[in-house]
Protein chains: 6
Amino acid sequence: MKTGIGIFIFAAGKDMAANTAMYSSDGDFLVVLQHGVLDIQTELGRLLVRPNEIVVLPRGIRYRVTLPEGPVRGYILELYQGHFTLPELGPIGSNGLANERDFQVPCAFFQEVTSSRWTIVNKFNGALFAAQQNHTPFDVVAWHGRYYPFKYDLGRFSVIGSTSFDHPDPSIYTVLTAPSEHPGTAVADFVIFPPRWLVQEDTFRPPWYHRNTMSEFMGLIRGDYDAKAGGGFRPAGASLHNVMSAHGPDAETFEKASNADLKPAKVGEGSMAFMFESSLMIGVTDWALAECKKVQEKYSEHSWASLKPHFKRPV
Amino acid sequence: MKTGIGIFIFAAGKDMAANTAMYSSDGDFLVVLQHGVLDIQTELGRLLVRPNEIVVLPRGIRYRVTLPEGPVRGYILELYQGHFTLPELGPIGSNGLANERDFQVPCAFFQEVTSSRWTIVNKFNGALFAAQQNHTPFDVVAWHGRYYPFKYDLGRFSVIGSTSFDHPDPSIYTVLTAPSEHPGTAVADFVIFPPRWLVQEDTFRPPWYHRNTMSEFMGLIRGDYDAKAGGGFRPAGASLHNVMSAHGPDAETFEKASNADLKPAKVGEGSMAFMFESSLMIGVTDWALAECKKVQEKYSEHSWASLKPHFKRPV
Amino acid sequence: MKTGIGIFIFAAGKDMAANTAMYSSDGDFLVVLQHGVLDIQTELGRLLVRPNEIVVLPRGIRYRVTLPEGPVRGYILELYQGHFTLPELGPIGSNGLANERDFQVPCAFFQEVTSSRWTIVNKFNGALFAAQQNHTPFDVVAWHGRYYPFKYDLGRFSVIGSTSFDHPDPSIYTVLTAPSEHPGTAVADFVIFPPRWLVQEDTFRPPWYHRNTMSEFMGLIRGDYDAKAGGGFRPAGASLHNVMSAHGPDAETFEKASNADLKPAKVGEGSMAFMFESSLMIGVTDWALAECKKVQEKYSEHSWASLKPHFKRPV
Amino acid sequence: MKTGIGIFIFAAGKDMAANTAMYSSDGDFLVVLQHGVLDIQTELGRLLVRPNEIVVLPRGIRYRVTLPEGPVRGYILELYQGHFTLPELGPIGSNGLANERDFQVPCAFFQEVTSSRWTIVNKFNGALFAAQQNHTPFDVVAWHGRYYPFKYDLGRFSVIGSTSFDHPDPSIYTVLTAPSEHPGTAVADFVIFPPRWLVQEDTFRPPWYHRNTMSEFMGLIRGDYDAKAGGGFRPAGASLHNVMSAHGPDAETFEKASNADLKPAKVGEGSMAFMFESSLMIGVTDWALAECKKVQEKYSEHSWASLKPHFKRPV
Amino acid sequence: MKTGIGIFIFAAGKDMAANTAMYSSDGDFLVVLQHGVLDIQTELGRLLVRPNEIVVLPRGIRYRVTLPEGPVRGYILELYQGHFTLPELGPIGSNGLANERDFQVPCAFFQEVTSSRWTIVNKFNGALFAAQQNHTPFDVVAWHGRYYPFKYDLGRFSVIGSTSFDHPDPSIYTVLTAPSEHPGTAVADFVIFPPRWLVQEDTFRPPWYHRNTMSEFMGLIRGDYDAKAGGGFRPAGASLHNVMSAHGPDAETFEKASNADLKPAKVGEGSMAFMFESSLMIGVTDWALAECKKVQEKYSEHSWASLKPHFKRPV
Amino acid sequence: MKTGIGIFIFAAGKDMAANTAMYSSDGDFLVVLQHGVLDIQTELGRLLVRPNEIVVLPRGIRYRVTLPEGPVRGYILELYQGHFTLPELGPIGSNGLANERDFQVPCAFFQEVTSSRWTIVNKFNGALFAAQQNHTPFDVVAWHGRYYPFKYDLGRFSVIGSTSFDHPDPSIYTVLTAPSEHPGTAVADFVIFPPRWLVQEDTFRPPWYHRNTMSEFMGLIRGDYDAKAGGGFRPAGASLHNVMSAHGPDAETFEKASNADLKPAKVGEGSMAFMFESSLMIGVTDWALAECKKVQEKYSEHSWASLKPHFKRPV
């Protein structure tokens, strides 16, 4: 039994083979689409997923994906234990962040094809198995229950933040969380950095420099991420700051923010960065580190070597 | 054994009698000072409480209050079950709202007076008892532990709110909460409405019209409360909207907010309103309702009779 | 603040007064209709309640009741603390008893009457208050949320029971439960005895003789209750066995069941008895005990005095 | 440290070697005896286990097994984390399913052999170790406590099921459960299908077709299992439907049940099938898959290929 | 429904009337016998209770008490909510304090008297009711379950305490606790001060001076209590220190302990004091305060007026 | 991600290299110093650790160690999941065992070295990585929070034990515990055997013979351990009794204790043994078992072969 999570960056150019469906016995797929459109036929109905939307395909649910607008690119977090849920909002109250009513669930959709030959591909314990059957898997006429695929438009996220001073933890941007058995510690959090107002007074507004017990895998759907002014972090790319690795805004961002006039400012317009955060260490495959030749060389020097102290005397 | 809460509005013109100390066996006192200065000598040390500060005097702790700057006025919530605590912040993370480090705890302070005659007044089951002793109760040379009086400056509250659209529940302004055994339901919440930025787009920014299962007792420390533009709610006054009584901004506030230009705006400067919120019904004494002759007549008509529908066509 | 529950038996002959609505600040109403039809207009939409259906009207929700088919009779349990919920099913699994999908929730329904004069009657701390307003309270155009009135047809209850031997506790017939803070102890359970198969081998099939820590208030919607063959317990009537009062089938039922051939048998066809069960003692008003002159005299003698031992020798 | 479970199918022809005892440091043994009799001497006393009985030997408890009636066969589930317990019954109440009083615990039984040479075999982290000692391990004169071996006669199980319509989850047949830290998710459940009455109206009475997040390992102690009319599943055999592998009654069972007259029927007389169910994937050894040559070829085709749609028009 | 506790001090000179049995619907009786012997016939069997033993008679269980050795005296705590249980031992581990195996439960004992006339007296909501029946209530031939009367010999208590320095809280002497829904806060604790060794170095060994949120009702079964050397607290007497009332050893005990040589010392031989401790305020009846004329006058002066400071200079 | 624990025995002769700091991403270090002095510079300040003290260095906190008094020796437990905490004291009450106020936390201490070259060594997933930077990591001017290194002097432990008869579990000596998600089961406990009084009457006072589900790794800081009179267990050494391996006092200890006069006795003066206890199996490296040639041969025979029965007739 796999535990923890897997992270995949995908790119695909064509539809899944005809009369073929897939499902995973290993975990739930959280798909963050970065480019293109996914037309996902599931046993429980169809979901059309467009950029800035995410989709969750639960363990065991069969699906077939076609690409109505050509090539697609994106990120997948496969969750091998538990399921994603909305975070308990605490003092935020009964609504805010991702509101339950904005998640979209498919209506039943079925086909009466009983004589064709179908291949069902199963991801089981990290390997792929195929089975043949003589009828479509998409034959569910109606359904009810609490276990289903769903999609969510990230543009509907109701952003909460400081309206006085200081900088809350990035947990305030949590869309979905997959809690571990240890309260307060997530197997995985899905966090976004959407367009929002910054109004904090007397505050360095970008994220602080920090290291922490969570691993942070970041991706970018579109636009620029406001803590990476210096480039290198582009849409469809990713950064990884593993358990207790120190990081923070790059030198250029630091310089700019340290000299900024702290009037209300709208940031992130036209942009959507996100984070897969986990209490687990995230290993990287040899292929990703070496073979695919996409690693940014001297990331650390590039980002922080030119940082200079910037004192403001207390008044 | 008393359960639930008691709410008192107090005004005092002079120091407690010499060589007299008080304590309550019934509950913890949360004192919201509205006017003047309290110099509180407790067994565990001294606390000087100024306007815009609150102080908590726990059950059983003896104290003596003097008034270095003359007459005082304020509000007391006596909590007959449990204790006040900081709310679990949930996605807000590890800091925000009232930060633990801003609560101020007294240092030990003692006197070596062993021959004077002291009176100790005890509030026990709602009655007052007096005992005599021949030494000061303020003889604690040093102490350690987790049970102590403390004060908090409301100006240190780190306000969190919407930085996109919509209006979170007032729970987002919780300073202290006294939870019941039923998760999510408080015996009492202490909530404030401090100066803060409003930046919500496409949103009616004052509180919505609502009725709810919590009783809402509001008070005003200084300035104007932004949902009561029409007057009637003044510093040292109070309003009470009991369990399931509908209420909301007055007609004048509604009119103004419905026509407002939704640019970033700083509200509440120079003001501090607060709320004692409870899952219990709040009874009112005959004295308060009738004898003290301070009730605002026709509050309901005054506030809401002139409300007019205000449609905005969806685009 | 009221805690615990109130039980009311009601009979009404005509509609509520025109332009009048009611709500309770004290608790949720669970209405068990025994006779007639209720047309309930609530702020969140309309519910037509027919015999063998129940309806829950939550605290604070306004409603107006009309009687399209004339006089009505029934039982109300008002729940002063918490809310009704479905019981955790434990080993019964993901469905059974009252299935969530069978509860019916109203669609929004509104009227554009803005010039009439309305009276809103509020039950608050056991007393009735009336307020006037110049528009209908039934003006909600659309709504979403998790707090709403609902109805349930008792005929949809999926009965679970012994399919081998022995007699489970009546908790196996729980439709709705209002849990206290003490796990396993309910403020109120709503339990029904619907038509069902009895197949237990080597078993005395009616309820056992017992006394217990729960108070049992029983009512009868229609037909005969299978443990009261001897009469006296009729539709629209009620029985009360308070905390630790011993009781059980009447002598006639005992005699019959002791001699019965234990083949599969369908019981309760055309009948529906129910129980309000509570961990609290249930007091009875003077009116109910004396003035209304409806108490069954010598209930105890009538039911059990002629009981005779009935031994079966072990083989 | 091993986690999860191990499943073993065993067959033995003779007693354990003289003056030899065993114990496991890895987990608790749940032994489901299929054929023969086990005379188990444990440190805490003797247990004679006959067909249709199960026995639990906890981690660390030493035992010696002899076979008074010759060869034995059966199944073992070794539980590497936690312990087996009775399921919380929920609405089933205070008794039903496996009743606590039917579990049988040994009385102390000791021998005064102090000069013989004994070998103690320990299963530790999956390997076997042997130690020598010069006295019997079965020298416990008396004991008290809550950690002991026990046996249970499956014939004492009080079966609960639908007495109206529909088909509860197999969890309703749970004898023992080994919960994980995640409420509602078991490391292992031990479930049986004993003789019982089926009375559901308007219902397809065999198990439904399904796939689920639990792995299902089934065995058969005696008789025929009512969802496998088509053969292939014989006493001492086993079937495995792993995480999210779809399955259900075979075609022959489906045909029969679809045409059955739904009168009360006693099923499973003279039969006892069981299931080890786990939230973990169950791997299979190479020996079991290939070398032992006992796998049923074309199980899938054999069971389900001849399934035909069977419509009943709604009335 | 009564909540909380009731405390009674009783003295009785003769047996309960013939053919009479009693039970309480209000709560469980914890009887601390101070003098004499109780022969208690319960529905579940007989219990002979001697001095230094306690007995618990649960709500609803009928009993009849006779006095084989003449007059008796003692204390009763009636628990109106929940039940007594052993405290979670925490780091003390799997045994210590009152060991579960030392509680004694009756065997079934029945009489075949079916023609006599019996009176059953019921304490219900604080009042007494009587019912007549024509057979003995003591006709239970056999029983099983987890709800029964039991007795415990206080001499079997395994005392734990400091074996180095300092003075643990009296909770370390807890025999039975009746927890409230608030973890760590008991509706009632039953605590004893048995014979034990004191070995603490550099420590004032009697209880410290304190006031606390729990009410402390103390009684004495026999001997002298080691913190009340000055008299006034005698067997069959009682002291009450209510919520937040300060108290501690009397002046004589203080003087002695301050000058004691801190060698190992056995205290409490031949003595048994106990405490009913509750998180609730304990009211006192007018009869106890005034009419029975047993209150110790000037208790406070007598105990503590002559206290003198006693400094030990730190070395 | 590593889970569970690692145990290391260390010896070091000189300071860490200049301008070098270390931290672990894998877990928290609990260091039990056996010989010498550690001067630990951490980001949050300096800690001077002397014999009989322990220090905890949390995951991610950088430190540099120097040896002001020459060579050091000790034990490290690295905790890969969760954190150490004080045990819930249960009936022991509000103080006892390791008191919270005795843990010592560093004050901020910083250096203004901004031009030197530093090497930061990171233990990540069991491997070591090195990074270079051009400023000291010890530049934290002030800090607040709840995540910090701390030290504790084992001599401040307030020992609790039996003051009557019997022998509590070693859990009564718990200094710190790292709980698992399963209540009552620790990933690791740190337990000590400090100087203390033994006063139990009628009791074999050394530890009993037992085997249990916890692995016990013992070490000795100084002196003799009172259950190992026969030698072999020396300061800086260690013993390991893994899951369910039986053990107990050696034969010499048994003989002495069986004949001892049970007067109050102070044991362990000048000694400090400790135990790392874990619910996990503890593997041993090949180096430790074979290459380092430090394993005590025939430990089992040496300790227990000469044990002889020792009967005391009950009086």
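In the annotation of an unreviewed UniProt entry, the entry for chain A reads Homogentisate 1,2-dioxygenase, and the organism field reads Hypoxylon rubiginosum.

(A) Focus on the overall build of chain A. Along the backbone of chain A there are three helices and 19 strands. Taken over the C-alpha trace, chain A has a radius of gyration of 21 Å; the compact-globule value for 315 residues is 20 Å, and the two agree within 12%. Viewed in the frame of its principal axes, chain A has a C-alpha envelope of about 80 × 45 × 40 Å. For chain A, the proportion of its 315 residues judged to be buried stands at 52%. Restricting the contact set of chain A to residue pairs at least 6 apart, pairs at least 24 apart contribute 75%.

(B) Structural context of the interface of chain B and chain E. Of the residues lining the interface, 13 residues belong to chain B; the matching set on chain E comes to 12 residues. Of the roughly 1000 Å² buried between chain B and chain E, counting both surfaces, carbon and sulfur atoms make up 58%. Joining chain B to chain E, the criterion identifies four residue pairs in polar contact (both at pLDDT 80 or more). Tallied by class, residues from the side of chain B that touches chain E come to five nonpolar, three polar and five charged.

(C) Just the interface of chain C and chain D, in detail. Across the boundary between the two partners, chain C contributes 33 residues, which contact 33 residues of chain D. The contact between chain C and chain D buries some 2600 Å² in all, and 51% of this surface belongs to carbon and sulfur atoms. The largest contributions to the chain C side of the interface with chain D come from Pro91(C), Thr163(C) and Trp197(C), which together make up 28% of the buried area. Connecting chain C to chain D are two salt bridges. Ionic pairing is found between Lys266(C) and Glu201(D), a salt bridge with its closest N-O pair at 2.9 Å. The set of elements that each furnish at least two residues to the side of chain C that touches chain D consists of β12 (160-162) and β15 (196-198) of chain C. The leading source of residues in the side of chain C that touches chain D is β12(C), at three residues. Looking at side-chain class alone, the side of chain C that touches chain D contains 14 nonpolar, 11 polar and eight charged residues. In the sheet, β12(C) pairs with strand β12 (residues 160-162) of chain D via three bridges, with the strands oriented antiparallel. Looking at the pairing, Ile160(C) lines up with Ser162(D) of β12(D).

(D) Structural context of a nonpolar patch on the surface. A grouping of Leu240(E), Val284(E), Leu289(E) and Val295(E) is seen on the molecular surface, where their side chains present a nonpolar patch of about 310 Å² in accessible area. With a relative accessible area of 53%, Leu289(E) lands in the exposed category.

(E) Spotlight on the relation of the copies chain C and chain D. In screw terms, the move from chain C to chain D is a rotation of 180° and a rise of 0.0 Å along the axis, fitting with an RMSD of 0.0 Å. Such a turn and shift between the copies fits a two-fold axis. Residue Gly90(C) of chain C places its C-alpha closer to the rotation axis than any other residue of that unit, at 2.3 Å. Both copies present the same face, since 100% of the interface residues in chain C are matched by interface residues at the equivalent positions in chain D.

(F) Structural context of the relation of the copies chain B and chain E. In the superposition of chain B on chain E (RMSD 0.0 Å, axial shift 0.0 Å), the rotation amounts to 120°. In the structure described here, the two chain copies are related by an operation that fits a three-fold rotation axis. Every residue of chain B has its C-alpha some distance from the rotation axis, and the shortest such distance is that of Glu181(B), at 3.9 Å. A share of only 8% of the interface residues of chain B reappears at the interface of chain E, consistent with the copies meeting through non-equivalent patches.

(G) Just helix α1 (residues 251-258) of chain E, in detail. All names here are of chain E. Restricting attention to buried positions, one finds in α1 the residues Ala251, Thr253, Phe254, Ala257 and Ser258. Down the axis of α1, the smallest arc covering the buried residues is 160°, so these residues share one side. Check the buried side of α1 and you find it contacts α3 (299-304).

(H) How the structure looks around the sheet that holds strand β16 (residues 215-222) of chain A. All names here are of chain A. Read across the sheet, five strands follow the order β13-β14-β19-β16-β17 without closing on themselves; strand pairing throughout is antiparallel. For this open sheet the edge positions go to β13 (174-179) and β17 (238-241), each flanked by a neighbour on one side alone. The average angle at which neighbouring strand axes cross in this sheet is 15°, direction not considered. Inspection of the sheet shows strand β14 (residues 186-193) paired to strand β19 (residues 272-278) by five bridges, in the antiparallel sense. Bridge pairing links valine 191 to methionine 275 in β19.

(I) Examining the pattern of salt bridges more closely. Residue and element names in this part refer to chain A. Scanning the model with the defined rule gives 72 salt bridges over all chains in all. The shortest N-O distance in the salt bridge between aspartate 26 and lysine 123 comes to 3.0 Å. Highlighted residues: aspartate 26 in the loop between β2 (20-24) and β3 (28-35) and lysine 123 in strand β9 (residues 118-124), separated in sequence by 97 residues. Each of the two residues, aspartate 26 as well as lysine 123, counts as buried.

(J) View of the packing of aromatic side chains. Taken as a whole and assessed by the stated rule, the structure comprises 102 aromatic pairs over all chains. Aromatic rings pair up to connect Tyr75(A), Phe190(A), Phe217(A), Phe274(A) and Phe276(A) into one cluster. Across the ring face of Tyr80(A), the terminal group of Lys2(A) is positioned such that the distance to the ring centre comes to 5.1 Å. Lying across the ring of Phe109(B), Arg46(B) places its NZ or CZ 5.0 Å from the centre.

(K) View of the environment of Pro235(B). Residue and element names in this part refer to chain B. Position of proline 235 among the secondary structure elements: in the loop between β16 (215-222) and β17 (238-241). Residues proline 235 and serine 271, spaced 36 residues apart in sequence, show a C-alpha to C-alpha distance of 9.5 Å. Not counting chain neighbours up to four residues away, the residues in contact with proline 235 comprise Gln34, Leu220, Ile221, Arg222 and Gly223.

(L) Structural detail: the side chain of Thr203(E). All names here are of chain E. Relative to the assigned elements, threonine 203 resides in the loop between β15 (196-198) and β16 (215-222). A polar atom in the side chain of threonine 203 sits 2.7 Å from the backbone oxygen of glutamate 201. Setting aside residues no more than four positions away along its own chain, threonine 203 makes contact with Phe165, Asp166 and Leu262.

(M) Here's a closer look at the sheet that holds strand β8 (residues 72-79) of chain F. All names here are of chain F. Read from one edge of the open sheet, five strands run β1-β8-β3-β6-β11, paired in antiparallel fashion. Only two strands of the sheet have a single neighbouring strand rather than two, namely β1 (5-12) and β11 (150-153). Ignoring strand direction, the axes of neighbouring strands in this sheet form an average angle of 20°.

(N) Representation of the arrangement of the chains in the model. Considering only C-alpha positions, the minimal separation of the non-contacting chain A and chain E is 18 Å. Where chain C comes nearest to chain F, the C-alpha atoms are still 18 Å apart, and the two do not contact one another.

(O) Up close: the confidence of the model for chain A. Of all residues in chain A, 97% have pLDDT values of 70 or greater, and the mean over the chain is 94. Scored by ipTM, the complex comes to 0.93, with pTM at 0.96.

Rules behind the numbers
Residues numbered from 1 in each chain as written. Chains lettered and ligands numbered in written order. Predicted model: local features only at pLDDT ≥ 70, side-chain atom pairs only at ≥ 80, totals over all residues. Heavy atoms only, no water. Helix = DSSP H or I, 4+ residues; strand = E, 2+ residues; numbered from the N terminus. Rg over C-alpha atoms; globule rule 2.2 N^0.38 Å. Buried < 20%, exposed > 50% of the residue type's maximum accessible area, 1.4 Å probe, protein only. Contact = heavy atoms within 4.5 Å. Buried area = accessible area lost by both parts, 1.4 Å probe. Polar contact = N/O pair within 3.5 Å; in protein donor to acceptor, adjacent residues only side chain to side chain. Nonpolar A, V, L, I, M, F, W, Y, C, P; charged D, E, K, R; others polar. Salt bridge = Lys/Arg side-chain N within 4 Å of Asp/Glu carboxyl O. Pairing = 2+ DSSP bridges. Patch = residues over 30% accessible without salt bridge, like charges linked within 9 Å, V, L, I, M, F, W, Y side chains within 5 Å. Areas by Shrake-Rupley, 256 points an atom, 1.4 Å probe, with all protein chains shown as cover. Least-squares fit on C-alpha atoms with pLDDT ≥ 70 in both. Arc of directions from axis to C-beta. Axes fitted to C-alpha atoms, helices over the stretch in contact; angles between N-to-C directions. Phe/Tyr/Trp six-rings, centres within 6.5 Å; stacked < 30°, edge-to-face > 60°. Lys NZ or Arg CZ within 6 Å of the ring centre and 35° of its normal. pLDDT = per-residue confidence, 0-100.

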